[in-house]
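If you want the building blocks of each chain, they are given just below.
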Amino acid sequence: MKFIPDPIGRFCHRMASPPHFYALSGKLLPWLTGIFLILLACGLYGGLYLAPPDYQQGDSYRIIYIHVPSAWMSLFIYIVMAITGAIGLIWRIKLAEIVAISSASVGASFTFIALVTGSLWGKPMWGTWWVWDARLTSELILLFLYLGVIGLYNAIDDKRTASKAVAILALVGVVNIPIIHYSVEWWNTLHQGPTVTKMDKPSIHVSMLIPLLLMAIAFKFYYVIAMLQRARLELLQRERTAAWVKKLVSEPSNSSS
Amino acid sequence: MKPIRRQRLILIILMIAGIGTAVGFALKSFNDNLMYFFSTTDVDNGKAPKDALFRLGGMVVKGTVERPGDGLTVRFKLTDFSKEVTVEYTGILPDLFREGQGIVANGKLDARGVFVAEEVLAKHDENYMPPEVKASLKQELKNQ
Amino acid sequence: MNLQEFLAMGGYAFYVWVSYGICFAVLLANIVLPVMQRKQLIRQLAEKQQRQQP
């Protein structure tokens, strides 16, 4: 049984080799950072300045431009973490394990941002910082899942074993993802229903939607950047005795950069 | 795929399916507890708790907001478009509180069947638009 | 719209700017920390290597 044709398989194999990944990610990072900063500038300018105030919420709704993309990313990164974790479990690919654990801290940050900005939005609009409704509670559980993954990984010294344990925890937590997404439809919640991902058409005016989508794409780039930075550190720590790391360290240009 | 890898894959799929089913049943059995608020119809049917705090959600009926007395007390009717319940509240209302807006109130029913709220939260809808667009939408509705 | 009006955010300045502040502080920390840690690790490894083979 063969899923993947040979040339692609060979390409992936080469990509997954640690020295190659380290070198390539180093070359890609400046470009990714550049694109991220441009998207971020456009998104912020559109969201904070160009977009008109909301008819009900005035200017307070502008928190949407970081709250909603962060919340999307918190779910997206969890799915990436679970899939790469599963790939690590099944195929024992070292790089997949590293991507999985490097995603965890970025995902935890986005979950934290979604919760805090939601709270800062809820206080003036709903009249409360926090309620225990299904949406908010399930998002808080997501934060604990991320923190559990990070804590478990740090608690186990052998990083290959740690990756396996973490992948299983991440896969168990996957059931929370549809719960978060559908919580506002399945149960009565204080949190309102989905705006952009509605089946018919988004119920947000186009002048407000474009900056939101720009910010969402910018955050996707940010995730790749932050994940790669974390992965490069993780890779060096794990491979500190490998020949390629010794060679890298001995080059004076690298010890400073 | 090598048999050992396929075995691991099947194991993972079974694990997720198993946990998913378990959580699904758990959520189903706790369904009522996961509801953040009762509707006004629930109150009318007597489904809402008596002599205990609970949350009541609904839309503020247009033209029913009144201030008896000169204090901070507000009285208004809530509806879920089938049954109405009168709510009394003393205190500061959230910025989004207005007629035709969804709210969630925490409090209990008194002997008159009036819901005395200790806390009122606004529930905003998922629509975002500039004020001018809202105004023109209203105009369109009138013209139809 | 002048700068003062922009900063006032229609009276919601506190909520809006604190949200953005926390957001970007967290995002920045997520980049800076791993980069600093990696540089430190490279320095440590280089020192160790020099000690072993002068």
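Points about the overall build of chain B
- When you go through chain B residue by residue, the secondary structure sums to four helices and five strands.
- Secondary structure elements in chain B, listed N-terminal to C-terminal, are α-α-α-β-β-β-β-β-α.
- Taking 2.2 N^0.38 as the reference for a compact globule, 144 residues should give roughly 15 Å; the C-alpha atoms of chain B span a radius of gyration of 23 Å, well beyond that estimate.
- Its C-alpha atoms give chain B principal-axis dimensions of about 80 × 45 × 30 Å.
- Relative to its 144 residues, chain B shows a buried fraction of 22%.
- By sequence separation, contacts in chain B at least 24 residues apart represent 41% of the contacts at least 6 residues apart.

Some words on the interface of chain C and chain A
- At the interface, 25 residues of chain C touch 35 residues of chain A.
- Among the residues forming the side of chain C that touches chain A, the class breakdown is 18 nonpolar, five polar and two charged.

Side note on the confidence of the model for chain B
- Looking at chain B as a whole, its pLDDT mean stands at 84, while 98% of the residues score no less than 70.
- Confidence metrics for the complex model read pTM 0.89 and ipTM 0.91.

Let's talk about the sheet that holds strand β1 (residues 54-60) of chain B
Residues and elements named next belong to chain B.
- Around the barrel, five strands lie side by side as β1-β2-β3-β5-β4; this closed barrel has mixed pairing. Taken over all neighbouring pairs, the strand axes of this sheet differ in orientation by 50° on average, direction set aside.
- Both β1 and strand β2 (residues 73-79) contribute to a ladder of two bridges, which runs antiparallel. Bridging across to β2, Met59 finds its partner in Thr79.

Concerning the arrangement of the chains
- The interface with the highest contact count, out of two pairs of chains in contact, is the one between chains A and B.
- Structurally, chain B and chain C remain out of contact, their C-alpha atoms never closer than 11 Å.

Some points on the interface of chain A and chain B
- If you look at the interface, chain A gives 35 residues, while chain B gives 33 residues.
- Where the side of chain A that touches chain B is concerned, the elements lending two or more residues are α3 (64-91), α4 (94-125), α6 (159-173) and α8 (206-238) of chain A.
- In terms of residues, the side of chain A that touches chain B owes the most to one element, α3 of chain A, which gives four residues.
- Grouping the constituent residues of the side of chain A that touches chain B by class yields 21 nonpolar, twelve polar and two charged.

Conventions adopted
Residues numbered from 1 in each chain as written. Chains lettered and ligands numbered in written order. Predicted model: local features only at pLDDT ≥ 70, side-chain atom pairs only at ≥ 80, totals over all residues. Helix = DSSP H or I, 4+ residues; strand = E, 2+ residues; numbered from the N terminus. Rg over C-alpha atoms; globule rule 2.2 N^0.38 Å. Buried ≥ 20, exposed ≤ 12 C-beta atoms within 10 Å, placed from the backbone. Contact = placed C-beta atoms within 7 Å. Nonpolar A, V, L, I, M, F, W, Y, C, P; charged D, E, K, R; others polar. pLDDT = per-residue confidence, 0-100. Pairing = 2+ DSSP bridges. Axes fitted to C-alpha atoms, helices over the stretch in contact; angles between N-to-C directions.

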